[in-house]
Amino acid sequence: MSRRSRRPVPAWLRVAPTGFVLAWGGNHFTPLLHVYETVGGYAPWQANLLLGMYVVGLIPGMLLAAALSDRWGRKPLAIVGLLGAMVASTLLAAGMSSFLVLCIGRALAGIGVGVGMSVGSSWIKELSAPPHDPSATATAGARRSSMTLTLGFAIGAGVTGSLAQFVPLPGQMPYLAHLLLCLVAAAALATAPESLPRALRARGSLRDDLRVPSAGHPVFVRLVLPAAPWVFAAAGVAYAILPSTVEEHLGDSATIYATGLTVLTLGVGALAQGAVGLLNRLTRGRALLVGMSGMTVGMVLAAVASDLHDPVLVVAVAALLGASYGVCVVSGLIIAQSLASPRDLAGITGVYYSLSYLGFLLPTILAALTPVLSYTGGLVIVAVICALCLSTVGIGLRRPPRTAAPVEIDEADEADDVLEGAPSPAEDLTLSR
């Protein structure tokens, strides 16, 4: 086959490896919790603090990276994020004996994930539209970016857990593997086109750039805000809390069990993400409500599984939480991005994922409370709060605000538009700019 007859690699696929390895770097620590407790000698609360520590870097890094990318373009910030992830893995590989070094490494990994989720997601979305991809549907960008991140989270955890279980130097080899993948992603990133034209880039003060007006829209407040933290709260409960409740029954298989649970949760989540468009059509635009319903049931069953200490039941609960995670992360992202103009697309994406990642602090909170509150008791409280958030989303869908005039949806994209067929919510989620 001649070179001329070869089809060029789609522009978004040149960015996807960077988003993939940044997500890998954020989540491949998860199956190592048991390693840090047994090999490193850290207390459970310290291991869970390290798990949540990258939120410290992720949220400010995500919001700042989003603002800077709106000013300078997507590509320079993606390169910075990739370099930060490589430094993070270097520190984590060298810092098994130093809790402080591990904390710094995890915070830097969070900055990398923040760049991947705000800048990377926005870049993929922009490259999934004309002129870069004329055949892409209206929601292809959100699906592609969320799928890229989810696969990075899942595969990274799977490979890391397997290396930790079966290969020498479990505290070092997983990070070396990640460093090699970062180099591969960098080669692909070098050929990716910039997607934000200079004419659309933000001007003025950085302080003004950090403002995201669409985050104050009533639709965002009523629907996205109460649902977003449960996205990664579900993941955290599934593969950080639940393995701890059955650890005494697993013996030497605790690490590989936690790895399998992580891959299962995120694998089911990835499958669920691909079904969000269909789910929205079947429910007339209410996939987020469906996801939150599954989330509430999953939290109730998580409390039951924690009380029974049954490894098989834990697997079933993790699958349900994973499916709920997948539905919520895409449906919430599409709603959030539908409210943004091109100038604050990265900003609203960063705000959305920042709110989502607040849920990843839940395992740390529950672990810190174990001296006075068991995991079972804590999960009961979590389930009640989740049910209240579900009610808030339901009310928000029934009583949509009438503050903005709707615009027409392109009928060519109706087959895939998640807002298709929704009665009153659709009017307010497809807003005029």
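Residues numbered from 1 in each chain as written. Predicted model: local features only at pLDDT ≥ 70, side-chain atom pairs only at ≥ 80, totals over all residues. Heavy atoms only, no water.

## Some remarks on the overall build of the protein
Item 1. Helices and strands together make up the secondary structure of the protein, namely 18 helices and zero strands.
Item 2. Split into buried and exposed, the 433 residues of the protein put 56% on the buried side.
Item 3. At a minimum sequence separation of 6, the contacts of the protein that also span at least 24 residues come to 84%.
Item 4. Counting every atom, the protein has about 17,000 Å² of accessible surface; 68% of that belongs to carbon and sulfur. (Helix = DSSP H or I, 4+ residues; strand = E, 2+ residues; numbered from the N terminus. Buried < 20%, exposed > 50% of the residue type's maximum accessible area, 1.4 Å probe, protein only. Contact = heavy atoms within 4.5 Å. Areas by Shrake-Rupley, 256 points an atom, 1.4 Å probe, with all protein chains shown as cover.)

## Some words on a nonpolar patch on the surface
Item 1. A cluster of nonpolar side chains, namely Val297, Val300, Leu301, Val304 and Leu308, defines an oily patch on the protein surface of about 380 Å² accessible area.
Item 2. Secondary-structure assignment places Val304 in helix α13 (residues 287-308). (Patch = residues over 30% accessible without salt bridge, like charges linked within 9 Å, V, L, I, M, F, W, Y side chains within 5 Å. Salt bridge = Lys/Arg side-chain N within 4 Å of Asp/Glu carboxyl O.)

## A word on the environment of Leu289
Item 1. With respect to the secondary-structure elements, Leu289 resides in helix α13.
Item 2. Separated by 42 residues in the primary sequence, Leu289 and Ser331 place their C-alpha atoms 9.3 Å from one another.
Item 3. Residues contacting Leu289, with those up to four places away along its chain left out, are Leu390, Val393, Gly394 and Leu397.

## What about the packing of helix α10 (residues 229-245) against helix α15 (residues 345-358)?
Item 1. Interhelical geometry of α10 versus α15 gives an angle of 40 degrees and a closest axis separation of 5 Å. Considering their axes alone, α10 and α15 lie oblique with respect to each other. As α10 packs across α15, the resulting crossing turns out to be right-handed. Seen from α10, the contacting residues are Pro229, Val231 and Phe232; seen from α15, they are Tyr352, Tyr353, Leu355, Ser356 and Tyr357.
Item 2. Tallied by class, the residues present in the contact of α10 with α15 amount to seven nonpolar, one polar and no charged. (Axes fitted to C-alpha atoms, helices over the stretch in contact; angles between N-to-C directions. Parallel < 35°, antiparallel > 145°, perpendicular 65-115°, else oblique. Left-handed = near helix turned anticlockwise from the far one by under 90°. Nonpolar A, V, L, I, M, F, W, Y, C, P; charged D, E, K, R; others polar.)

## A look at the nonpolar core
Item 1. Membership of the largest hydrophobic core comes to 99 residues, with the highest contact counts inside it found for Met117, Phe153, Phe232 and Tyr357.
Item 2. Examining the composition of this core, we find that 13 residues originate from one element, helix α14 (residues 311-338), more than from any other.
Item 3. The residues contacting Phe153, other than those within four sequence positions of it, are Ala23, Trp24, Asn27, Val113, Met117, Phe232, Leu266, Tyr325 and Tyr357.
Item 4. Ranked by size, the runner-up nonpolar core spans 18 residues in total, among them Ala16, Val21, Ala185 and Leu189. (Core = buried A, V, L, I, M, F, W, Y, C linked by side-chain atoms within 4.5 Å.)

## Brief notes about the packing of aromatic side chains
Item 1. The tally for this structure, following the rule as stated, stands at 13 aromatic pairs.
Item 2. Summarising the aromatic geometry, the rings of Tyr54 and Tyr357 are spaced 5.4 Å apart at their centres and angled 85 degrees between planes, so their arrangement reads as edge-to-face. Placement of Tyr54 in helix α3 (residues 44-72) and of Tyr357 in helix α15 is noted, with a sequence separation of 303 residues between them. Pair check on accessibility: Tyr54 and Tyr357 agree, each one buried.
Item 3. Ring centres of Phe232 and Phe360 lie 6.2 Å apart, and the angle between their planes is 10 degrees; on these two criteria the pair is classed as stacked. (Phe/Tyr/Trp six-rings, centres within 6.5 Å; stacked < 30°, edge-to-face > 60°.)

## Quick notes on helix α7 (residues 173-189)
Item 1. In this model α7 runs 25 Å from its N-terminal to its C-terminal C-alpha over 17 residues, within 8% of the 24 Å that 1.5 Å per residue would give.
Item 2. Listed in full, the buried residues belonging to α7 are Pro174, Tyr175, His178, Leu179, Cys182, Ala185 and Leu189. Angular distribution of buried residues about the axis of α7 spans 140 degrees; they occupy a single face of the element. Opposite the packed face of α7, turned more than 90 degrees from it, sit the exposed residues Leu180, Leu183, Val184 and Ala187. (Expected span 1.5 Å × (residues − 1). Arc of directions from axis to C-beta.)

## Focus: the packing of helix α1 (residues 11-27) against helix α4 (residues 74-94)
Item 1. Direction vectors running N to C along α1 and α4 enclose 35 degrees, while the axes themselves pass 10 Å from each other. Considering how the two elements wind past one another, α1 and α4 form a crossing that is left-handed. Residues Thr18, Val21 and Leu22 of α1 form the contact with α4, whose own contacting residues are Ala78, Gly81, Leu82 and Ala85.
Item 2. Residue classes in the contact of α1 with α4 are distributed as five nonpolar, two polar and no charged.

## Concerning the state of the cysteines
Item 1. Counting across every chain of the model gives zero disulfides.
Item 2. In this structure Cys386 is not part of a disulfide, and its nearest cysteine sulfur, from Cys389, lies 6.5 Å away. (Disulfide = S-S within 2.5 Å.)

## Some details on the pattern of salt bridges
Item 1. Taken as a whole, this structure holds three salt bridges when the rule is applied.
Item 2. Between Arg74 and Asp70 there is a salt bridge, with the nearest N and O atoms lying 2.7 Å from each other.
Item 3. The shortest N-O distance in the salt bridge between Asp133 and Arg144 comes to 2.8 Å. With Asp133 in the loop between α5 (99-127) and α6 (140-166) and Arg144 in helix α6, this residue pair connects regions lying 11 residues apart in the sequence.
Item 4. Classification of Asp133 as buried rests on a relative accessible area of 11%.
Item 5. Given a relative accessible area of 21%, Arg144 falls into the partly exposed group.
Item 6. One continuous salt-bridge network, built from bridges that share partners, spans Asp70, Arg74 and Glu126.

## Overview of unusual backbone geometry
Item 1. Following Pro130, the chain continues into Pro131 via a peptide bond in cis, with omega recorded as 5 degrees.
Item 2. Even without glycine at this site, His309 takes up a positive phi of about 55 degrees.
Item 3. Locating His309 in the fold gives a position in the loop between α13 and α14.

## What to know about the side chain of Asp70
Item 1. Here Asp70 shows up in helix α3.
Item 2. What makes Asp70 buried here is its relative accessible area of 4%.

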